[in-house]
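Chain residues, written in single-letter form:
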Amino acid sequence: MSKTFEPSGEWAPELEELARRRAQVQAMGGAEALAKFKATGRMNARERIEHLLDEGSFREYGQIAGKGHYSREGAFERLDPTNAITGTGRIAGRKVALHVDDFSIRAGSSEATIADKWIYIERMAHQLRMPLIRLVDSAGGSVKLLMQIGGTKIPEYPSWPANALLETVPVVSVALGACVGQGAVKVLSSHFSVMVRDQAQVMAAGPHVVQQAYGQTIDKNDLGGYKVHRKSALVHNEAVDEADALQQVRRFLSYLPRSVFHLAPSMEPTDDPLRVEDWLKDAIPRDRRKIYDPRRILQAVLDQDSFFEIGRWQGGSVITGLARLMGKPVGVIANDPKVQGGAMTLQAAHKMERHVRLCSQFGLPVVNFVDQPGNQTGLEAELAGTLLGATRVGEALHACESPWVSIIVRRCFGMAGALHAPKYGEALNLRFAWPSARWGSIPIEGGVMAAHKAEIEAAPDPAAKRAELEAFYLNMTSPFRTAEKFGILDIIDPRETRAILCDWIEDAWERVRTDRLAHA
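Residues numbered from 1 in each chain as written. Predicted model: local features only at pLDDT ≥ 70, side-chain atom pairs only at ≥ 80, totals over all residues. Heavy atoms only, no water.

### With respect to the overall build of the protein chain
Point 1. For the protein chain, the count of helices and strands is 21 helices and 19 strands.
Point 2. A buried classification covers 49% of the 520 residues belonging to the protein chain.
Point 3. Of the roughly 25700 Å² that the protein chain leaves accessible, carbon and sulfur atoms contribute 54%.
Point 4. Each charge sign in the protein chain was given a centre, from 63 positive and 63 negative side chains, and these centres are 2 Å apart. (Helix = DSSP H or I, 4+ residues; strand = E, 2+ residues; numbered from the N terminus. Buried < 20%, exposed > 50% of the residue type's maximum accessible area, 1.4 Å probe, protein only. Areas by Shrake-Rupley, 256 points an atom, 1.4 Å probe, with all protein chains shown as cover. Lys, Arg positive; Asp, Glu negative; His and termini not counted. Charge placed at Lys NZ, Arg CZ, Asp CG, Glu CD.)

### Considerations on the pairing of strand E2 (residues 66-70)
Regular strands place side chains that alternate from one sheet face to the opposite one.
Point 1. Direction of pairing for E2 relative to strand E3 (residues 76-81): antiparallel, over a ladder of 5 bridges. Within E3, the position partnered with Lys67 by the bridge is Asp80.
Point 2. Between E2 and E3, which pair antiparallel in sequence order, lie 5 residues; one of them, Gly74, sits at a positive phi of approximately 90°. (Pairing = 2+ DSSP bridges.)

### Side note on the packing of aromatic side chains
Point 1. In total, this model carries 6 aromatic pairs according to the counting rule given.
Point 2. Taking 4.7 Å as the distance between ring centres and 15° as the angle between the ring planes, the aromatic pair formed by Phe192 and Phe252 counts as stacked. Pair noted here: Phe192 is in strand E9 (residues 192-196) and Phe252 is in helix H11 (residues 242-255), with a separation of 60 residues, a long-range link. Comparing Phe192 with Phe252 shows no difference in burial state: the two are buried.
Point 3. Arg21 extends its terminal NZ or CZ atom over the ring of Phe76, reaching a point 4.0 Å from the ring centre.
Point 4. Geometry around Trp118 places Lys186 over its ring, the cationic atom sitting 3.9 Å from the centre. (Phe/Tyr/Trp six-rings, centres within 6.5 Å; stacked < 30°, edge-to-face > 60°. Lys NZ or Arg CZ within 6 Å of the ring centre and 35° of its normal.)

### Section: the side chain of Gln63
Point 1. Locating Gln63 in the fold gives a position in the loop between strand E1 (59-61) and E2.
Point 2. Relative accessible area serves as the criterion here: at 17%, Gln63 is assigned to the buried category.
Point 3. In this structure Gln63 touches Arg22, Val25 and Lys117, once residues within four positions along its chain are discounted. (Contact = heavy atoms within 4.5 Å.)

### Quick look at the sheet that holds strand E7 (residues 171-175)
Point 1. On the basis of which strands lie adjacent, the open sheet formed by 7 strands has the order E1-E4-E5-E6-E7-E9-E11 and mixed pairing. Strands at the two margins of the open sheet, each flanked by one partner only, are E1 and strand E11 (237-239). Across the sheet, the axes of successive neighbouring strands diverge by a mean angle of 25°, strand direction being ignored.
Point 2. Across 3 bridges, E1 lies against strand E4 (residues 84-91) in antiparallel orientation. Counterpart to Arg59 in the pairing with E4 is Thr88.
Point 3. Where helix H3 (residues 45-52) meets the sheet, it contacts E1, E4, strand E5 (94-101) and strand E6 (132-136), and its direction lies at approximately 160° from that of E5.
Point 4. Contacts from H11 reach E4, E5, E6, E7, E9 and E11 within the one sheet, and its direction differs from that of E9 by about 170°. (Axes fitted to C-alpha atoms, helices over the stretch in contact; angles between N-to-C directions.)

### Quick look at the pattern of salt bridges
Point 1. Overall, the coordinates contain 28 salt bridges when judged by the stated rule.
Point 2. For Arg357, the salt bridge is made with Glu353, and the minimal N-O distance between the two is 3.2 Å. Of this pair, Arg357 and Glu353 both sit in helix H13 (residues 346-361), 4 residues apart, which is roughly one turn of the helix.
Point 3. Residue Arg495 is joined to Asp493 by a salt bridge in which the shortest nitrogen-to-oxygen separation is 2.8 Å.
Point 4. Judged by relative accessible area, Arg495 falls into the partly exposed class, the value being 28%.
Point 5. What makes Asp493 partly exposed here is its relative accessible area of 26%. (Salt bridge = Lys/Arg side-chain N within 4 Å of Asp/Glu carboxyl O.)

### A closer look at helix H4 (residues 115-127)
Since the α-helix packs 3.6 residues into each turn, any two residues three or four apart lie on the same face.
Point 1. Between its first and last C-alpha atoms H4 spans 18 Å; for 13 residues at 1.5 Å apiece the expected length is 18 Å, and the two agree.
Point 2. Listing the buried residues of H4 in full gives Lys117, Trp118, Ile119, Ile121, Glu122, Met124 and Ala125.
Point 3. The inward-facing, buried residues of H4 contact E1, E4, E5, E6, helix H6 (162-168) and helix H7 (182-188).
Point 4. Immediately downstream of H4, the backbone of Arg129 shows phi near 55°, a positive value. (Expected span 1.5 Å × (residues − 1).)

### Digging into empty space enclosed by the protein
Point 1. In this structure the tally under the stated criterion is 4 cavities of 30 Å³ or more.
Point 2. Reported here for the largest cavity is a volume of approximately 60 Å³.
Point 3. Taken together, Val318, Ile333, Asn335, Met344, Met352, Asn368, Val370, Gln372, Ala416, Leu419 and His420 make up the lining of the largest cavity.
Point 4. The set of elements that each furnish at least two residues to the lining of the largest cavity consists of strand E14 (328-335) and strand E15 (366-372).
Point 5. Taken together, the residues that form the lining of the largest cavity break down as 7 nonpolar, 4 polar and no charged. (1 Å grid on protein atoms, 1.4 Å probe; cavity = no way out; pocket = protein on both sides within 12 Å on 5 of 7 lines; lining within 4 Å. Points joined across faces, edges and corners; volume = space filled by probe spheres on them. Nonpolar A, V, L, I, M, F, W, Y, C, P; charged D, E, K, R; others polar.)

### Observations regarding the packing of H3 against H11
Point 1. Packing of H3 against H11 brings their axes to within 10 Å, and their N-to-C directions diverge by 45°. As the angle between them shows, H3 and H11 are arranged oblique. Crossing handedness for the pair H3 and H11: right-handed. Of the residues in H11, those in contact with Arg48, His51 and Leu52 of H3 are Glu242, Ala243, Leu246, Val249 and Arg250. (Parallel < 35°, antiparallel > 145°, perpendicular 65-115°, else oblique. Left-handed = near helix turned anticlockwise from the far one by under 90°.)

### Comments concerning the side chain of Gln248
Point 1. Residue placement: Gln248 occurs in helix H11.
Point 2. Side-chain polar atoms of Gln248 contact the backbone oxygen of Glu238, separated by 3.1 Å.
Point 3. Ignoring any residue separated from it by four or fewer positions in sequence, one finds Gln248 in contact with Phe192, Val194, Asn237, Glu238, Ala239 and Phe308. (Polar contact = N/O pair within 3.5 Å; in protein donor to acceptor, adjacent residues only side chain to side chain.)

### Quick notes on the packing of H13 against helix H15 (residues 386-399)
Point 1. Contact geometry of H13 with H15 gives a least axis separation of 8 Å together with a crossing angle of 15°. As summarised for this structure, H13 and H15 are arranged roughly parallel, according to the angle between their axes. Between H13 and H15 the crossing geometry is left-handed. For the pair formed by H13 and H15, the contact residues are Leu346, Ala349, Met352, Glu353, Val356, Arg357 and Ser360 on the first element and Thr386, Gly389, Ala390, Arg392, Val393, Glu395, Ala396, Leu397 and Ala399 on the second.
Point 2. Residues of the contact of H13 with H15, tallied by class, amount to 9 nonpolar, 3 polar and 4 charged.

### Things to note about the pairing of strand E16 (residues 404-413)
Point 1. Taking burial as the measure, the 10 residues of E16 include 9 buried ones, the bulk of the element.
Point 2. In terms of strand pairing, E15 meets E16 through 6 bridges, oriented parallel. Counted as the bridge partner of Val366 is Trp404 from E16.

### Quick notes on the nonpolar core
Point 1. Ranked by internal contacts, the top residues of the largest apolar core, which has 55 residues, are Leu52 and Phe252.
Point 2. When neighbours within four sequence positions are excluded, Leu52 is seen to be in contact with Ile91, Leu98, Ile133, Leu135, Leu246, Val249 and Arg250.
Point 3. In this structure, Leu298, Leu325, Val405 and Ala508 belong to the second largest nonpolar core, which totals 31 residues. (Core = buried A, V, L, I, M, F, W, Y, C linked by side-chain atoms within 4.5 Å.)

Take it as geometry only, folks, not as evidence of what the structure does.
This is the structure we're talking about:
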């Protein structure tokens, strides 16, 4: 934040005009508009900036850009500020670039902005290699723009480095209101996005356009609210309020490096690498029909309170997030048997692929807790193209450059089971298993019925015969038999998991560090 000086000296008139212009910019859309906005329970654009950044760290750029009004003699009278606020600031001392919509000025519409201004800050983020945060609250375009420019234009922003940004720096977007058209694109064109429940909507066009195009009357929340995007997976996370959304931004960035050319921030370890939670020995029920809580396992093994989940309400059979081991950031993947039995659905595949690419791009080692029964089956899964989604996971794994370790806790079956880690070319297949683990081309229960259908149906007691065959094959699938042939690095006591991972992260982190230095 710039220090305020009193206008004085030879250039006092110009400095006084600068102060007047800045004061009018700080007034934003005016007292009435701000009061109306506050009555909805929302922060205005500048309050959001203050809430997000370290105190006093915001440096605004292009602050007096807008539409000036002058007397007949050419003297300055007033300034209508643009509704894009841009600048840089700090989060936990680390530099970030900001692109913030001011809804109090014509609902954040592009008719009241200067595109060059927000494009400039995004170009700056790209070229100076700093994370970019967009606080999006824009009603999109307006036909009034035609009067402003005196005609139409082909819809494009050729100088906007949207894709180059995604390849270079962490990009985070927050949906804080109606994000329509270009506003929606800004939300989606990110590595992490979050929307406020019952306040934000992300959509190609609003209800009025939908009514005109399709004759369909629909509420904006039903069209693009958080319940919609829980299913669509267009937005990663949801927040209970604006403070929660901005806190999620701060937390996400705490795991990410400044750019692909930097190392992610490491913290001093605060958790004992030899910490053991005894209940882990029984975390997986012996009864294969019973489920368990994978998030409890993550909390027990990773640094305490370090797990930050991404996309909880989408593709729920796989859990993705960020965490720390010995203070060093890692990507986390785990299967959740409470959703679709943990199977690879199309949405789960998309979610896992997205997370693998994020971790690989920004140099985060990956820990995968595996309980994968296979790809989702059935007509619905086939119509959705689930196998194509799983194939794309395989492509992402093949391209992944992150050090990787897999902990197979229960099941690892079929094509989807094979996607538990990169293991092609030079990729080291580093994997451990708990004694509860089982693997193969097909789960025993379904495989026995498929292979011995006639024998089972012909038996005097089909249920007993099926149980007998399943018991026989289960003995054949003991993980110890695989370990005898060195098909698994080691079978471990579940209580050893944290110590093993904390030992691994030291070497994984050294690999990431030297890779970043080599490419600097």
